[in-house]
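Residue-level listing of the chains:
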Amino acid sequence: MLIPQTKRRIIFHIDMNCFYASVEMAYHPTLKGKPLAIAGNPEERKGIIVTSSYEARAKGVYTTMPVWKAKQLCPTLKVMRPNFRRYRAASKEIFKILAHITPLVEPVSIDEGYMDVTDVKHLGNPIQVAQHIQQQLIDRLDLPCSIGIAPNKFLAKMASDMKKPMGLTILRKRELHRKLWPMPIEDMHGVGEKTAKKLHTLKIQTIGDLAKTDVYVLKQLLGINGERLKNRANGIDSRRVNPDAINDFKSIGHSKTFPHDTTDLVEIRQLMYTMAESVEQRLKSKQVAGRSVQLMIRYHNLKTITRRKTLNTHIAEKREILQIAQELWEKHWNNEPVRLLGITVQDLVDEQTVGKQLDLFTYKQEEENDKLHTTIENSWQDEAVDVAPKTSFQKDFLDDYKR
């Protein structure tokens, strides 16, 4: 008996070009064709470039570059603060357009996602489908994108990076030796700086070198990830496009960089209050609660620590999140100036599965906790001011387009 072969998939990776900058250009057409950068604190010497237009990149401006240096390289550079509500709204419309073509859409970040268009026939062949998507995004949103077309997610991702902006690249397995293997190992999706350095110890300089290296040697160096990377280098990736993956988020967090390194406790408390409030809102919008709270502290010298506390019950209230974050802060802050803070609630579960069954003892304990929470809430509320939030685009935002 013949075993039917699995249908060959046609996978797209949609990658929006210079997304934040492109959204700003769509809102302000006079910026088109000009060097533009988005930075957290444009007026501050320590402001960092978040993203930039291709015109700015041509002048040497790149992500993480200090604003002052970017302006030295490109005196005509226009620098704008990020407008995350605007970017989130644009992302929602992008994925609505994609989902109208096929329900098999998997957002992976605010500006990129996968589509399985294997069964999309009404728009023509895959190239015509991709051209239709690019034109729809331009006509309706004035936003450019690059699209990678391949038989699996890894190759589609690699293909979308090969030509920008408005690129359309097909990457077939039979072309790996010509298109993929000559690329530096640092350019391979899934290979970070530390992994690349380890691979260099085996004299692996290109993706082709990795593809040909003995799997046992790679597993000795990188564990199971070594085998996974070798498979990817050889064009093997069995992951399917999963529209439900956006529901698999396990944490919701919020972080913000201060406009200057600070030890000012009033300023720090103001920011922690704002972040806890944001996390509460997002937890409630997803109807989830978490069992642990993590505090991230990044110091003036970029040294970063994360400290976490796991609780006996699940929480979703601002006052509870704030209380735990404050405990972690008081215990672990080393009194040095702080550059960035982040609060994350982890180990999430659906709120409906969380039920507090209080006996007489725990009821009295809860009552005392409520008094404490009220005290903390009142004291922190007095100091809280309007600190501009930096939205952390985690997976909890990625199903907006379904609403």
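Only a predicted model underlies this, so the values are computations on that prediction, with no experimental measurement involved.

Draft legend 1. Helix 13 (residues 318-332), seen in detail. Here helix 13 is 15 residues long and its end C-alpha atoms lie 21 Å apart, about the 21 Å a rise of 1.5 Å per residue gives. Of the positions making up helix 13, those classed as buried are Lys-318, Glu-320, Ile-321, Leu-322, Gln-323, Ile-324, Ala-325, Gln-326, Leu-328 and Trp-329.

Draft legend 2. Seen up close, the nonpolar core. Core analysis: the biggest nonpolar cluster contains 37 residues, and Phe-12, Ile-14, Phe-19, Met-115 and Ile-133 have the highest contact counts within it. When contributions to this core are tallied by element, the ones reaching two or more residues are strand 1 (11-16), helix 1 (19-27), strand 2 (36-39), helix 4 (84-101), helix 5 (126-141) and strand 7 (145-150). Not counting the four nearest positions on each side in its chain, Phe-19 is found in contact with Tyr-87, Ala-90, Ser-91, Ile-94, Ile-110, Asp-111 and Leu-143. Among the nonpolar cores identified, the runner-up in size contains 32 residues, and Tyr-273, Ile-297, Ile-343 and Val-345 belong to it.

Draft legend 3. Summary view of the environment of Ile-110. Counting through the fold element by element, Ile-110 comes out in the loop between strand 5 (105-109) and strand 6 (112-116). By relative accessible area, Ile-110 is classed as buried at 8%. Linking Ile-110 and Arg-88, residues 22 residues apart in sequence, is a C-alpha distance of 6.9 Å.

Draft legend 4. Structural context of a nonpolar patch on the surface. Together, Leu-202, Val-215, Tyr-216 and Val-217 line one region of the surface with nonpolar side chains, adding up to about 320 Å² of accessible area. In this fold, Val-215 is placed in helix 10 (residues 215-222).

Draft legend 5. Region of interest: the side chain of Thr-344. Position of Thr-344 relative to the elements: it lies in strand 12 (residues 338-346). By relative accessible area, which is 13% here, Thr-344 ends up buried. Discounting chain neighbours no more than four positions away, the residues touching Thr-344 are Ser-251, Ile-252, Gly-253, Ser-292, Val-293 and Gln-294.

Draft legend 6. Structural detail: helix 10. Looking at where helix 10 begins, the residue whose side-chain oxygen comes 2.9 Å from the main-chain nitrogen of Tyr-216 is Asp-214. Phi for Gly-223, located one or two positions after helix 10, is positive at around 70°.

Draft legend 7. Molecular detail of the pairing of strand 10 (residues 288-299). With nine of its 12 residues buried, strand 10 lies for the most part within the structure. Here strand 10 runs beside strand 13 (residues 349-350); their pairing, made up of two bridges, is antiparallel. What sits directly across from Ala-289, in strand 13, is Val-349. Here strand 10 pairs with strand 11 (residues 304-315) via eight bridges, running antiparallel. Across the sheet, Ser-292 pairs through a bridge with Thr-310, a residue of strand 11.

Basis of the calculations
- Residues numbered from 1 in each chain as written.
- Predicted model: local features only at pLDDT ≥ 70, side-chain atom pairs only at ≥ 80, totals over all residues.
- Heavy atoms only, no water.
- Helix = DSSP H or I, 4+ residues; strand = E, 2+ residues; numbered from the N terminus.
- Expected span 1.5 Å × (residues − 1).
- Buried < 20%, exposed > 50% of the residue type's maximum accessible area, 1.4 Å probe, protein only.
- Core = buried A, V, L, I, M, F, W, Y, C linked by side-chain atoms within 4.5 Å.
- Contact = heavy atoms within 4.5 Å.
- Patch = residues over 30% accessible without salt bridge, like charges linked within 9 Å, V, L, I, M, F, W, Y side chains within 5 Å.
- Areas by Shrake-Rupley, 256 points an atom, 1.4 Å probe, with all protein chains shown as cover.
- Salt bridge = Lys/Arg side-chain N within 4 Å of Asp/Glu carboxyl O.
- Polar contact = N/O pair within 3.5 Å; in protein donor to acceptor, adjacent residues only side chain to side chain.
- Pairing = 2+ DSSP bridges.

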